[in-house]
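# Overview (structure and organization)
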Amino acid sequence: MLTIKDLNHVFTHVNWNELQEQNIFISGGTGWFGRWMVETLLYANDNLDLKCKIMVLSNSAWMSTNKNVTIWHGDINNVEFPKGEFSHIIHLVPEGTGRMLGFAKHCKAKKFLFTSSGAVYKLKPDEYAQNKIYDEYWCRSVDSGLSVKIARCFSFVGAYMPLNKNFAIGNFIGSAIKDKKVFIRNANNTPNRSYLYMADLAIWLWTILFNGKSCVSYNVGGEIEYTIKRVGELVAEIAKVPVIYWPYEKMESIDYVPYVEQAKEELGLREWIPLNTAIERTLEFYKNEH
C-alpha cells in the first residue's frame, strides 16, 4: 500500500473532476505503474466521492476488496472484453495495443492513454523499441474520434518497482536492503540517467490523460542527469551501506535522459520530488514491506 504522503502528493496535483461517476478500464493495473494508477485513483475516489468505477485487466490471481474495483481476469492477447461503456482506457502493458484500441472504440471510450517508451529514440531499435514505434503509429491512425494520449516513459524510481530486473537503481536499492552493500559495475564508464519519482509519474500520466493533446507524444521523466555510478553511490549514502566497485565489465554506455519541455510548457508538469527524497521513500517502502 502506498504511503499517505505519496497518495496526497498525487491527489493535490491532479484535477479529478473528469472522472466523476465514470467507468475506467486499465490494462496492466496490477503491475508497477498500474498499482500507482489504481491506488491514487482510489484515494481520489474516497476523498472526493467521485463514484468512479475501475475495471482492471489482470492475468494474475491478484484481487481487490475495494467496492469500486473489479478484476477482469484474462490475457490481453485473447481475452473477451467486458460489455458496457467505459469513458477512459489506460493501456500499461507492452502488447495488445491494437486489441485495446479496438475495445476502446467498441466501448465508446472518450480518452485513451498509451504508455510508450523513450526506447523509441534508439539509433538501432531492438524488438521492444520497434514494437513501441509501431504501436505509436497505430495510436495515431485511429479514426473513431477517440482522443489518444501517448506518454513516452523513461526511467523511474519508487514503490512497487522491480528490484531484480534490468533497472540499475532498482538493483542498487535491492542489494542495499538484501546484501547491506551496493555493487557498481564498470564504475569508470557508466552512462547518464535521470529518474522521476513514481508519485510524480502518476501526476504526469493522469494529467496527460486528462489534458494532453491527442496523438502527441509527451516525453515523461526526470531532467537532472546522474551517472549510474553516482546513482549507486547516492543509494549507498542514503542506505548507509558500503559500495563495492566490481571489475571492468563491458556494458552499453548510452545516455537515457528525456527532453520534457513540451510537457512542462503545455501541461504545467515538473519534477516535484528530488532523487535523494525518492530514494529515501523507496528504501522506506521496501524495508517496511519486509
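The shown structure was predicted, so the numbers you read here are calculated from the model rather than taken from an experiment. (Residues numbered from 1 in each chain as written. Predicted model: local features only at pLDDT ≥ 70, side-chain atom pairs only at ≥ 80, totals over all residues. Heavy atoms only, no water.)

## Quick look at the packing of aromatic side chains
Counting across every chain of the model gives 18 aromatic pairs. Ring geometry for phenylalanine 86 and phenylalanine 103: centres 5.8 Å apart, planes at 55°, overall tilted. Residue phenylalanine 86 is found in the loop between strand S3 (69–73) and strand S4 (88–91), and its partner phenylalanine 103 is found in helix H3 (residues 97–106); the two are separated by 17 residues along the sequence. Residue class for phenylalanine 103 comes out buried when judged on its relative accessible area of 3%. Here arginine 35 stacks its cationic end above the ring of tyrosine 160, 4.2 Å away from the centre of that ring. (Phe/Tyr/Trp six-rings, centres within 6.5 Å; stacked < 30°, edge-to-face > 60°. Helix = DSSP H or I, 4+ residues; strand = E, 2+ residues; numbered from the N terminus. Buried < 20%, exposed > 50% of the residue type's maximum accessible area, 1.4 Å probe, protein only. Lys NZ or Arg CZ within 6 Å of the ring centre and 35° of its normal.)

## As for the environment of asparagine 192
Relative to the elements of secondary structure, asparagine 192 occurs in strand S9 (residues 192–193). For asparagine 192, a relative accessible area of 19% translates into the label buried. Put simply, asparagine 192 and lysine 5 are 187 residues apart on the chain and 29 Å apart in space, counted from C-alpha to C-alpha. Dropping the residues within four chain positions of it, asparagine 192 is found in contact with Glu225, Tyr226, Thr227, Ile254, Asp255, Tyr256 and Val257. A polar atom in the side chain of asparagine 192 sits 3.1 Å from the side chain of glutamate 225. (Contact = heavy atoms within 4.5 Å. Polar contact = N/O pair within 3.5 Å; in protein donor to acceptor, adjacent residues only side chain to side chain.)

## Considering the packing of helix H2 (residues 32–48) against helix H6 (residues 198–211)
Between H2 and H6, the least distance of the axes is 10 Å, while the angle of their chain directions is 75°. As the angle between them shows, H2 and H6 are arranged roughly perpendicular. For the pair H2 and H6, the contacting residues are Trp32, Phe33, Trp36, Met37, Thr40 and Leu41 in the first and Met198, Ala199, Leu201, Ala202, Leu205 and Trp206 in the second. Tallied by class, the residues present in the contact of H2 with H6 amount to eleven nonpolar, one polar and no charged. (Axes fitted to C-alpha atoms, helices over the stretch in contact; angles between N-to-C directions. Parallel < 35°, antiparallel > 145°, perpendicular 65-115°, else oblique. Nonpolar A, V, L, I, M, F, W, Y, C, P; charged D, E, K, R; others polar.)

## Let's talk about helix H4 (residues 127–140)
Compared with the 20 Å implied by 1.5 Å per residue over 14 residues, the 20 Å span of H4 between its first and last C-alpha is a close match. When we look at burial in H4, the residues that qualify are Ala129, Lys132, Asp135, Glu136 and Cys139. Seen from one end, H4 has its buried residues packed into an arc of 125°, which puts them on one side. Away from its buried face, by an angle of more than 90 degrees, H4 presents the exposed residues Glu127 and Tyr137. Tucked inside the fold, the buried residues of H4 contact H3, strand S5 (111–117), strand S6 (147–153) and strand S11 (217–220). (Expected span 1.5 Å × (residues − 1). Arc of directions from axis to C-beta.)

## Here we look at the environment of valine 14
Checked against the element boundaries, valine 14 lands in the loop between helix H1 (4–12) and strand S1 (23–27). Assessed through its relative accessible area of 10%, valine 14 is described here as buried. Separated by 161 residues in the primary sequence, valine 14 and serine 175 have C-alpha atoms spaced 34 Å apart. Beyond its immediate sequence surroundings of up to four residues, valine 14 is in contact with Ile203, Trp206 and Phe210.

## Things to note about the pattern of salt bridges
Enumeration according to the criterion identifies 14 salt bridges in this entry. In this structure, the salt-bridge partner of lysine 5 is glutamate 284, at a minimum N-O distance of 3.4 Å. Taken together, the residues lysine 5 in helix H1 and glutamate 284 in helix H9 (residues 275–289) connect sequence positions 279 residues apart. The partly exposed category is assigned to lysine 5, whose relative accessible area is 42%. In this structure, glutamate 136 and arginine 140 form a salt bridge, with 2.9 Å as the shortest nitrogen-oxygen distance. Of this pair, glutamate 136 and arginine 140 both sit in helix H4, four residues apart, roughly one helical turn. Exposure remark for arginine 140: the relative accessible area of 36% places this residue in the partly exposed category. Through salt bridges with shared partners, one network takes in Glu136, Arg140 and Arg152. (Salt bridge = Lys/Arg side-chain N within 4 Å of Asp/Glu carboxyl O.)

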